[in-house]
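Here is what each chain is made of, one letter per residue.
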Amino acid sequence: MSVQLHGLLGEALAANHRGRLASFIVDETSPAIALFAPQHAHANRSGDWYGEHAGKWLYAASKAAARTGDAVLLDRVRRVADYLVGLQDADGYLGNYAPERRFMRKQPPKPVTWDGAPQFRTWDIWTHSYLILGLLEARRHTGNGAYLDAACRIGDLCLRTLTSGGIDITELGNHFGMSATVLLDPALELHFATGEQRFLDLALRIVEQADRNPRLALLAQALAGADPSEIATGKAYQLLWNLVGVAKLHRATGDAAHLRAVVNLWRSIRDHHLTLGGGPWGGVAHRSREVFNPATVFSPCGYVETCSILAWLQLNRELLAITGEAAYAAEIERSAYNDLLGAQAPDGEDWCYYSFPNGRRVYTTYWRCCKSSGAMALEELPALAYATAADGVRINLFGPSAAALQVRDVGKVHLEQRTAYPFDGEVAIRVTPERAATFKVHVRIPQWAARASVAVNGASIPGEAEAGAFFVIQREWRRDDVISLSLPMRPQLHFRTQSSTQEARAPDDAPIRQEVLHFDYLAVTRGPLAYATGLIDGYKIEETLRVPSQTDSSWLETLPAPDAAEGPDVRVTPLGRPALVFSPYYRAGGRRDRTWRLTWMPLAPESK
Ligand SMILES: [Zn+2]
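The rules behind the values
Here, residues in each chain are numbered from 1, in the same order as that chain's written sequence. Residues qualify for local features only when their pLDDT is at least 70, as the model is predicted, and side-chain atom pairs are given and counted only at 80 or more; totals for whole chains, interfaces and linings, by contrast, use all residues. Only hydrogens and water are set aside when side-chain values are computed; all heavy atoms of the structure are taken into account. For helices the rule is a DSSP run of H or I covering at least 4 residues; for strands it is a run of E covering at least 2, with both sets numbered from the N terminus onward. With the radius of gyration taken over C-alpha atoms, the globule rule is written as 2.2 Å times the number of residues to the power 0.38. A 1.4 Å probe rolled over the protein chains alone gives each residue an accessible area, and that area as a share of the maximum for its type sets the label: buried under 20%, exposed over 50%, partly exposed in between. Residue contacts follow a heavy-atom distance rule, with two residues in contact if any of their heavy atoms lie within 4.5 Å. Only Phe, Tyr and Trp rings take part, Trp by its six-membered ring, and two of them pair if their centres are within 6.5 Å. Stacked means planes under 30 degrees apart, edge-to-face means over 60, and tilted covers everything else. Sitting over a ring, as applied to charges here, requires NZ of Lys or CZ of Arg to be within 6 Å of the ring centre and within 35 degrees of the ring normal. Points on a 1 Å grid, built from protein atoms alone, make a cavity when a 1.4 Å probe fits but cannot get out and make a pocket when they are open with protein on both sides within 12 Å along at least 5 of 7 lines; residues with an atom within 4 Å of a point are the lining residues. Grid points are joined across faces, edges and corners, and a volume is the space filled by probe spheres set on the points. Three classes are used, and their members are as follows: Ala, Val, Leu, Ile, Met, Phe, Trp, Tyr, Cys and Pro are nonpolar, Asp, Glu, Lys and Arg are charged, and the others, Gly among them, are polar. In plain words, nonpolar cores are sets of buried Ala, Val, Leu, Ile, Met, Phe, Trp, Tyr and Cys residues tied together by side-chain atoms within 4.5 Å. Think of a patch as exposed residues, more than 30% relative accessible area, with no salt bridge, where like charges cluster within 9 Å and nonpolar side chains (Val, Leu, Ile, Met, Phe, Trp, Tyr) cluster within 5 Å. For the area figures, the Shrake-Rupley method with a 1.4 Å probe applies, and any residue is considered shielded solely by the protein chains shown. The salt bridge definition used is simple: a Lys or Arg side-chain nitrogen within 4 Å of an Asp or Glu carboxyl oxygen. Comment: axis = line fitted to C-alpha atoms, over the contacting stretch for helices; angle = value between 0 and 180 degrees taken between N-to-C directions. Roughly parallel means an angle under 35 degrees; roughly antiparallel, over 145; roughly perpendicular, 65 to 115; everything else is oblique. With the far helix as reference, a near helix turned anticlockwise by less than a right angle produces a left-handed crossing, and one turned clockwise produces a right-handed crossing. A donor here means an N, O or S atom no more than 2.8 Å from the metal, or no more than 3.2 Å when the metal is Na, K or Ca. Since water is not included, a site may seem to lack partners. A four-donor site is called tetrahedral if each angle lies between 85 and 135 degrees; a four-donor site is square planar, and a six-donor site octahedral, when trans pairs exceed 155 degrees and the remaining angles lie between 65 and 115; all other cases are labelled irregular. One requirement defines pairing of two strands: DSSP has to find at least two bridges between them.

Student: Just to check I follow, could you spell out the overall build of the protein for this structure?
Tutor: Looking only at helices and strands, one finds 18 helices and 22 strands in the protein. Taken over C-alpha atoms, the radius of gyration comes to 25 Å for the protein, in line with the 25 Å a tight globule of 608 residues would show. Across its three principal directions, the C-alpha atoms of the protein cover 80 × 70 × 45 Å. Across the 608 residues of the protein, 59% fall into the buried class. By sequence separation, contacts in the protein at least 24 residues apart represent 68% of the contacts at least 6 residues apart.

Here's what the structure looks like:
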């Protein structure tokens, strides 16, 4: 399958390629790679997570080089991968820590701290996990088997350490082990790449040790219906990456309980822990900014970590591949067009670490994790836009793009989308099989698209295009057939409430409940885009609104934006004050450092 994304996502990918991926790492002297030089590593006894950048860059740069045919970038991938492989110890170790702090050494017993961190915290397993993923991706696009061998040697070292080595993986990372059990994902990638049982054994060993730790017990808690905020510390990025691993474990074993555990937590995250722009969020009044809130908490100032968007995209990627369900594609599209693009600067170099529905855009500093995660997340998107199904092709994401897919019993099928999506809901999809053939085209109808209609070559297709599902068109497809999709994009209102209810029992045991805090908020979306406004009247960080109606959104007006290429704005005219203009969240307030975006507006109490 080859896919080119154009339009908004295509511009973001091009900026990523020109910016972050071309400049952050160029060779072994780049700071993120020089960390691995023996003189540096041997003196590193408590270093932070910075070793992760190597694997993340190898992963994203390999994909970008393959996608664009950039031979210079692919040469840099080879040079960096060769350098790293050349540093690997005879036992398979490829990290950047001094011998006495490596993950194979038993460390002193850990004190129980709020973040469940070992006494000598390292990120050794974490760094190796990204190195395995990076080396496997580099091998995929260069064909160099030495990268696979190096990745396998890391996996073998991990397996020895966690079995005969007497080490428990939950002692190797903070968040009660969740920063180490992420190794589940690369262990399974090694199993898929080699077919070797021992890497599946490694994955099962990790799950067994994780489930023995009562503070983590990921599978048991997920099956029992726990909220993600209740598992270990509730750290979003780590938990989501662990779930990516459990989804892959289901692919390897077929065990239905693994899938059930992942879907339980996915549903709870989707229902309670996402912003309007699809990013996992939390961190309100916690010691960590990066943990899920309890499901009942709502604050428009919650934190979205860009790393969590990456892991959420990957989790939806896995669930989409396993189930083929539209809901997972919908979440990929929502987070891509809103919170992911909203964290990226147009130069492709700067990223927000944290984004807020209501808050300031702050581009982060050189070494931060989120810059590499944002770059990786974008590079996931081309492979997710289209898919082959057993009986044809699936169109998962909308936006100007072109794809060539190899379909079983049909041959090559070219697909091309012409559209101004995500700004406009008219989508023309040209279907060109290499010869006339009968197969199914599954077209996703977004959740928000009430009264969508579908036509082929101008003739409308009867039947309801159910929102939130795939619409299936089976026919004999011929060169240049065109599917016309019409997805009405009316601005839509959204409401959220922050409330707190005090509960007690009277002396006669009768329940006493009293709501003691109640705030209502309003927000606006249009099609797949969340909307936000800048500072109100040029200086206010919030404004309490009285609105004409909460049930009918006809008072919201769609306006052409000053730059038509950036999609329309929405004019919100409350009672008793001049109108406010909302723009797509990703560009609201201007895509510059320190600009403000406000997504949620407090509602006047009497309006409810
Ligand atoms: Zn991060």
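Back to the text.
Student: Explain the packing of aromatic side chains to me, please; I cannot follow it from the model alone.
Tutor: How two aromatic rings sit relative to each other is set out by the distance from centre to centre and by the angle between their planes. Scanning the entire structure with this criterion turns up 24 aromatic pairs. Pairing Tyr93 with Phe103 gives two aromatic rings, centres 6.2 Å apart and planes at 35°, and the pair type is tilted. Of this pair, Tyr93 sits in the loop between α6 (71–87) and α7 (124–142) while Phe103 sits in the loop between α6 and α7, and the two are 10 residues apart along the sequence. A residue is classified by how much of its surface remains accessible, and Tyr93, at 1% relative accessible area, is buried. Look at Trp126 and Tyr130: their rings are 5.8 Å apart centre to centre, the planes differ by 80°, and that puts the pair in the edge-to-face class. Linking Trp126 with Tyr130, this pair stays in helix α7, spanning 4 residues, or about one helical turn. Each member of the pair, Trp126 together with Tyr130, is buried. Cluster of aromatic residues (ring-pair linked, three or more members): Phe24, Trp49, Tyr50, Trp123, Trp126, Tyr130, Tyr237, Trp241, Tyr366 and Trp367. Seen from the ring of Trp477, Arg475 lies directly overhead, with NZ or CZ sitting 5.3 Å from the centre. Across the ring face of Tyr585, the terminal group of Arg597 is positioned such that the distance to the ring centre comes to 4.1 Å.

Student: Can you walk me through the layout of surface pockets in this structure?
Tutor: With a probe scaled to a water molecule rolled over the atoms, the places where space remains empty come into view. The calculated volume of the largest pocket comes to roughly 990 Å³. Taken together, the residues of the lining of the largest pocket break down into 14 nonpolar, 6 polar and 13 charged. Here the second largest pocket is characterised by a volume of approximately 660 Å³. As for the second largest pocket, its lining consists of 29 residues, and the residues nearest its centre are Leu276, Glu331, Arg334, Gln447 and His494. Of all the secondary structure elements, the ones that give two or more residues to the lining of the second largest pocket are α14 (256–272), α16 (326–343), β15 (491–505) and β17 (529–532). Sorting elements by how many residues they give to the lining of the second largest pocket places α16 first, with 6 residues. In the lining of the second largest pocket, the residues fall into 13 nonpolar, 9 polar and 7 charged.

Student: Please explain the nonpolar core as it appears in this structure.
Tutor: General note: in soluble globular proteins, nonpolar side chains tend to be found buried as a group. Within the largest apolar cluster, 194 residues are counted, with the highest numbers of intra-cluster contacts made by Leu135 and Ile483. The contact partners of Leu135, leaving out residues within four places of it in the chain, are Leu58, Ala81, Val85, Leu94, Tyr147, Ala150, Ala151 and Ile154.

Student: I tried to follow a nonpolar patch on the surface on my own but got confused; where do I start?
Tutor: A cluster of nonpolar residues, Val516, Leu517 and Phe519, forms a patch on the protein surface that exposes about 260 Å² of accessible area. Considering the arrangement of structural elements, one finds Phe519 in strand β16 (residues 511–526).

Student: Hey, could you run me through the pattern of salt bridges in this one?
Tutor: Where charged atoms from two side chains of opposite charge approach closely, those side chains can pair. Applying the stated criterion across every chain, the model contains 38 salt bridges. Among the ionic pairs, Arg78 bridges to Asp75, the shortest N-O distance being 2.8 Å. Residue Arg78 and its partner Asp75 are located together in helix α6, separated by 3 residues, close to a single helical turn. Classification of Arg78 as partly exposed rests on a relative accessible area of 30%. Here Asp75 falls in the partly exposed class, since its relative accessible area comes to 45%. As a salt-bridge pair, Glu349 and Lys371 come within 3.4 Å of each other at their nearest N and O atoms. Remark: Lys371 occurs in helix α17 (residues 369–380) and Glu349 occurs in the loop between α16 and β3 (354–355); sequence separation between them is 22 residues. The exposure class assigned to Glu349 is partly exposed, which follows from its relative accessible area of 23%. The exposure class of Lys371 is buried, given its relative accessible area of 5%. The structure contains a network of salt bridges with shared partners spanning Lys63, Glu137, Arg140, Asp185, Glu189 and Lys248.

Student: Sorry if this is basic, but what is going on with the packing of helix α8 (residues 145–162) against helix α10 (residues 184–194) here?
Tutor: Pairs of packed helices are described in terms of their axes, by the angle between the two and the distance that separates them. Across the interface, α8 lies against α10 with an axial gap of 10 Å and an inter-helix angle of 130°. With respect to their mutual orientation, α8 and α10 come out oblique. Between α8 and α10 lies a crossing whose hand is left-handed. For the pair α8 and α10, contact is made by Leu148, Ala151, Cys152 and Gly155 and by Leu190, Ala193 and Thr194, respectively.

Student: Even after reading the chapter, I still don't get the coordination of the zinc ion, so can you show me in this structure?
Tutor: When four donors bind a metal tetrahedrally, each ideal donor-metal-donor angle is 109.5 degrees, and when six bind octahedrally, the ideal angles are 90 or 180 degrees. Taken together, Glu305 (OE), Cys307 (SG), Cys369 (SG) and Cys370 (SG) make up the protein donors of the zinc ion, found 2.1 to 2.3 Å from the metal. In this structure, the zinc ion is surrounded by 4 donor atoms whose angles at the metal cover 102 to 122°, and the resulting shape is tetrahedral. According to the relative accessible area criterion, Glu305 is buried, its value standing at 3%.

Student: Whenever I open this one, the pairing of strand β1 (residues 2–5) confuses me. Can you help?
Tutor: Consecutive side chains along a regular strand alternate between the two faces of the sheet. A one-sided burial pattern is seen for β1, the buried positions being Val3 and Leu5 and the unburied ones Ser2 and Gln4. Bridge count for β1 against strand β7 (residues 401–407) is 4 bridges, and the pairing is antiparallel. Bridging across to β7, Leu5 finds its partner in Ser401.

Student: How should I be thinking about the pairing of β16 in this particular structure?
Tutor: Two elements, β15 and β16, share 15 bridges in a ladder whose sense is antiparallel. Residue pairing in the sheet places Thr497 in a bridge with Asp520 of β16. Hairpin remark: β15 followed by β16, antiparallel, with 5 residues in the connecting loop; positive phi at Asp509, about 75°. Of the pairings in the sheet, the one linking β16 to strand β22 (residues 601–602) comprises 2 bridges and is antiparallel in character. Each residue of the ladder has a partner; that of Tyr521, found in β22, is Pro602. With 2 bridges joining them, β16 and β17 adopt antiparallel strand pairing. Residue pairing in the sheet places Thr525 in a bridge with Ala530 of β17. Counting the residues in the hairpin turn of β16 and β17 gives 2 residues, including Gly527, whose phi is positive at 55°.

Student: Any chance you could explain the sheet that holds strand β12 (residues 459–460) here in plain terms?
Tutor: Adjacent strands of a sheet pair through backbone hydrogen bonds, lying either parallel or antiparallel. What the 7 strands build is an open sheet, ordered β1-β7-β8-β9-β14-β11-β12; its pairing is antiparallel. Two strands bound the open sheet, and with one partner strand each, they are β1 and β12.

Student: What is the right way to look at the environment of Gly95 in this model?
Tutor: When you line up the elements, Gly95 lands in the loop between α6 and α7. Judged by its relative accessible area of 8%, Gly95 is buried. Distance in space between the C-alpha atoms of Gly95 and His494 is 47 Å, their sequence separation being 399 residues. Once residues lying within four places of it in the same chain are set aside, the contact partners of Gly95 are Phe36, Ala41, Asp124 and His128.

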